[in-house]
Amino acid sequence: MVSRCPVAPLFREGGVAVGTHVRKVTRTFDIRAIDERWRRAWEEEGTYRPPEPSAGPKRYVLDFFPYPSGDGLSVGHARNYVPTDVLARYFRMRGFAVLHPMGWDAFGLPAENEALLKGRHPRDTTREYSANYRRQLQLIGCSYDWAREINTSDPEFYKWTQWGFLLLLRRGLAYRAIGLQWWCPKCRTILANEQVRDGRCWRHGDTPVEQRALEQWYIRTTEYAERLLRDLDELDWPAHIKTIQRNWIGRTERDGTVRYHLHDWLVSRQRYWGAPIPVVYCDRCGIIPVPEEQLPVLLPEVERYEPSGTGRSPLDAMPEFVHTSCPRCAGPARRETDTLDGFADSNWYFLRFTDPHYASGPWNPEAARYWMPVDWYIGGAEQAVMHLLYARFFTKVLYDEGLVSFVEPFVRLRSQGSLLSPKDRVRMSKSRGNVVTPDEVVAQHGADPVRVAVMFIGPFAQDVTWDPAVAAGAARFVRRLYQLLAQRAKPGTGNGEPETEDLTREVRSRLHRLIKSAGEAIERFRFNTLISSLMTFVNEMERWEKQIAGTPLWSEILDTLVRICAPVAPFIAEQAWHDLGREGSVHHARWPDHDPALAHEEEHTVVIQVDGKVRDRMTVPSATPHEAYAPLASVRPRIAPYLHRRTIRDVVVVPGKVVNFVTRGK
RNA sequence: GCGGAAGUGGCGGAACUGGCAGACGCGCAGGCCUCAGAAGCCUGUGGGGGAAACCCCGUGGGGGUUCAAAUCCCUCCUUCCGCACCA
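Described below are features of the structure shown in this document. (Residues numbered from 1 in each chain as written. Chains lettered and ligands numbered in written order. Predicted model: local features only at pLDDT ≥ 70, side-chain atom pairs only at ≥ 80, totals over all residues. Heavy atoms only, no water.)

1. Concerning the sheet that holds strand β30 (residues 658-662)
Rules: A pair of strands is labelled paired if DSSP reports no fewer than 2 bridges between them. Only runs of H or I of at least four residues qualify as helices and only runs of E of at least two qualify as strands under DSSP, and these elements are numbered from the N terminus. The angle between two axes is taken between their N-to-C directions and runs from 0 to 180 degrees, where each axis is a line fitted to C-alpha atoms and a helix contributes only its stretch in contact.
Sheet architecture is open: four strands sit in the order β28-β27-β30-β29, paired in mixed fashion. This sheet does not close on itself; its edge strands, each paired only once, are β28 (613-621) and β29 (650-654). When strand polarity is set aside, the average angle formed by the axes of neighbouring strands in this sheet is 20°.

2. Considering the protein's contact with RNA strand B
Convention followed: Only heavy atoms are used to decide nearness, and a residue is near a molecule or strand if one of them lies within 4 Å of it. Two N or O atoms form a polar contact when they lie within 3.5 Å of each other; inside protein one atom must be a possible hydrogen donor and the other a possible acceptor, and for residues adjacent in sequence the pair counts only when both atoms belong to side chains. Each residue receives one of three labels: charged for Asp, Glu, Lys and Arg, nonpolar for Ala, Val, Leu, Ile, Met, Phe, Trp, Tyr, Cys and Pro, and polar for the others, Gly being one of them.
Among the 40 residues in the neighbourhood of RNA strand B, the closest are listed as Ile 457, Gln 462, Arg 526, Arg 617 and Arg 638. The sugar and phosphate moieties of RNA strand B supply 67% of its atoms located within 4 Å of the protein. At 3.0 Å, a side-chain N or O of Arg 476 approaches a phosphate oxygen of RNA strand B. Within the side chain of Arg 615, an N or O atom sits 3.2 Å from a phosphate oxygen of RNA strand B. Ranked by residue count, the leading element in the surface near RNA strand B is helix α17 (residues 527-548), at six residues. For the surface near RNA strand B, the residue count by class is 16 nonpolar, 13 polar and eleven charged.

3. Considering the sheet that holds strand β16 (residues 265-266)
Spelled out, the test is: We call two residues in contact whenever any of their non-hydrogen atoms come within 4.5 Å of each other.
Ordered in space as β10-β9-β13-β16, the four strands form an open sheet in which the pairing is antiparallel. In the strand order of this sheet, the two ends are held by β10 (189-191) and β16, each with one partner. Relative to strand β13 (residues 210-219), strand β9 (residues 174-184) runs antiparallel, the two being bridged by ten bridges. Residue pairing for β13: Gln 181 is matched across the bridge by Arg 212. Across the sheet, helix α5 (residues 155-170) touches β9 and β13, and the angle it forms with β13 is around 85°.

4. Comments concerning the state of the cysteines
Threshold: Defined by distance alone, a disulfide is two cysteine sulfur atoms within 2.5 Å.
Following the criterion strictly, the structure yields zero disulfides and no others. Counting only cysteine sulfurs, Cys 282 is the nearest neighbor of Cys 329, a cysteine outside any disulfide, at a range of 3.6 Å.

5. Comments concerning the pattern of salt bridges
Under the convention used in this document: Every case where a carboxyl oxygen of Asp or Glu lies within 4 Å of a side-chain nitrogen of Lys or Arg is listed as a salt bridge. Accessibility here uses a 1.4 Å probe with only protein chains present; expressed as a share of the type maximum, an area under 20% marks a residue as buried, one over 50% as exposed, and anything in between as partly exposed.
Applying the stated criterion across every chain, the model contains 46 salt bridges. Note that Glu 114 is salt-bridged to Lys 118, the shortest N-O span being 3.0 Å. Of this pair, Glu 114 and Lys 118 both sit in helix α3 (residues 109-118), separated by four residues, roughly a single helical turn. Looking at Lys 118, the relative accessible area reads 42%, which means it is partly exposed. One salt bridge in this structure joins Asp 124 and Arg 127, with 3.8 Å as the shortest N-O distance. Of this pair, Asp 124 and Arg 127 both sit in helix α4 (residues 122-139), three residues apart, roughly one helical turn. With a relative accessible area of 26%, Asp 124 lands in the partly exposed category. For Arg 127, a relative accessible area of 53% puts it in the exposed group. Salt bridges here are not isolated pairs; linked through shared partners, they connect Arg 230, Asp 231, Arg 392, Lys 396 and Glu 408.

Purely geometric stuff here, so don't read any function into it on its own.
Have a look at this one:
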């Protein structure tokens, strides 16, 4: 049980000896000790593992999985992962079975290019960098179920990527053709159309691409153009992402024929770091797919994996890999030596997460039936075309094959804005030397303040500039929140007077409005206003504390508040949960239900206008009939003079909001 | 050029369906605490006028609809994104 964890001091006793006397001892909130204690406890307890077998209503909450870079995560990445984590934690507390996994898009050009740059093997860099990502994600309290971690360069994974290629081949959707192809001299490989921007390589913006004639593998995405276009309508995605996809598919009418701008997807890469394309070439039988039971076609272990620059893969120079026997006639045959584009991995990885160690197929049909489709998919708009289009395409192929029951993999998509560096107001990158890491901000303020800061700094979808002052403000808020929840929670700290009925009703109403607005803010991805409503509530409770601390009402408030704060500030909420004497983990506690009758405000402030100008305000019971507004308002000392010797031509009443006396004619 | 999104205090932003503009935070000012500082706490903080009560102005510019506009419509300006040139 979580509650067995050793108790660490919450407050450090601090004091400085000056001159002849010792300064008064001050109590310092030691957030790092709290972080460390619960980070360890959650990992040991498997706090975020979904119950097995999962049942009941589910939520699949997924981040775009990253390729692990040697730069590690910046606070900018936290703008993606933290809000998603809040969403996952919220649904968990609401009683949903939540799938919230993380893995590594480890195969492909970006990973191999970086390894080349470092002069190391991508197998080693991948292992090292993903471990660092995992550490950083745990540092900021992301509640992934790490038992489901996947890695696309793992043979257990790419075996099924190869299976997917064979499926496309069998359905006539993969073909070989010679064509003029874009060649990046730095990558020394062919690029897909989508990987060429302004005549330059997507990974090497300073490198113009060249054209080469080569025989390549293509996927017939164009055959699905119409469905890819049409099915966009039903998706809950940001409008601009849909627009980008529509433009990319680009249906036009010329000569009475429907034409598409979309090209077939070129998947061959003359590179080492990818899944070998599972076909062999036999002189007698032609192109023969590797039988499924012989998968995976293992990527051979080599020390030198640099692109040859000849237009052929490094695998081509390895006779022991190339020479094989034909699966059909057993005669001599040659293996395909190109590898698959990394997007062939990210095409389907979300299915693998539903049962990542399943051995008899790419995914467990039962698990996929339960968890799929992805309910919330969160990631940057830079994947608006490639990954999101290929994953939609492949899902439709799986549907046509009868392997899945849905035609779209991602029901809801949300894209976070970039976090710009305060140094130069551009996106953070190590090469620019403008990165702020979560490590340094956590070291300075603690994990919860980092979480609060990246949510509070601006609207989720908007680009914002990182401001260290926001982190400092978030740290102040987290400390005050913790003090409210835990330090002064003990009975008898206030005057403990039996609360009056009116006060109880008012405070409880306030509490239930917070429950309601917090839940709505999370589901609507308004994390900045989520934080501000928590701040407002804490401010108000600090004001009320003198009157009601130590009463049953106060306990009710704290017990509710600690749950509402758990998704946002999981570390201090867990600590406060235990300080409040509760058992287990707050992260297994139920999200409080808001009672609409309690949340309902008993009084409204009504604005009184004369000719549209605000002249006074009055408080009325919410049950006041709207006919009573004008008589009440017209006799008020501030209002009566305005109405004196004027003809009231009209009175507009909006119950609970406004009463407007119109005296002017048109 | 076409299409889309946006423009609110010194700063980040809030304002749900047209109904109190500026919530919340940062910054700043004054105060408390302190030998002093840091931290913390309290108060104030859109602009102008006024001793005050209050009044006037105010959401990029201009016009309109409406009892009422940050919000809806027209127009102009600016910024960002996508398309168009390349694929």
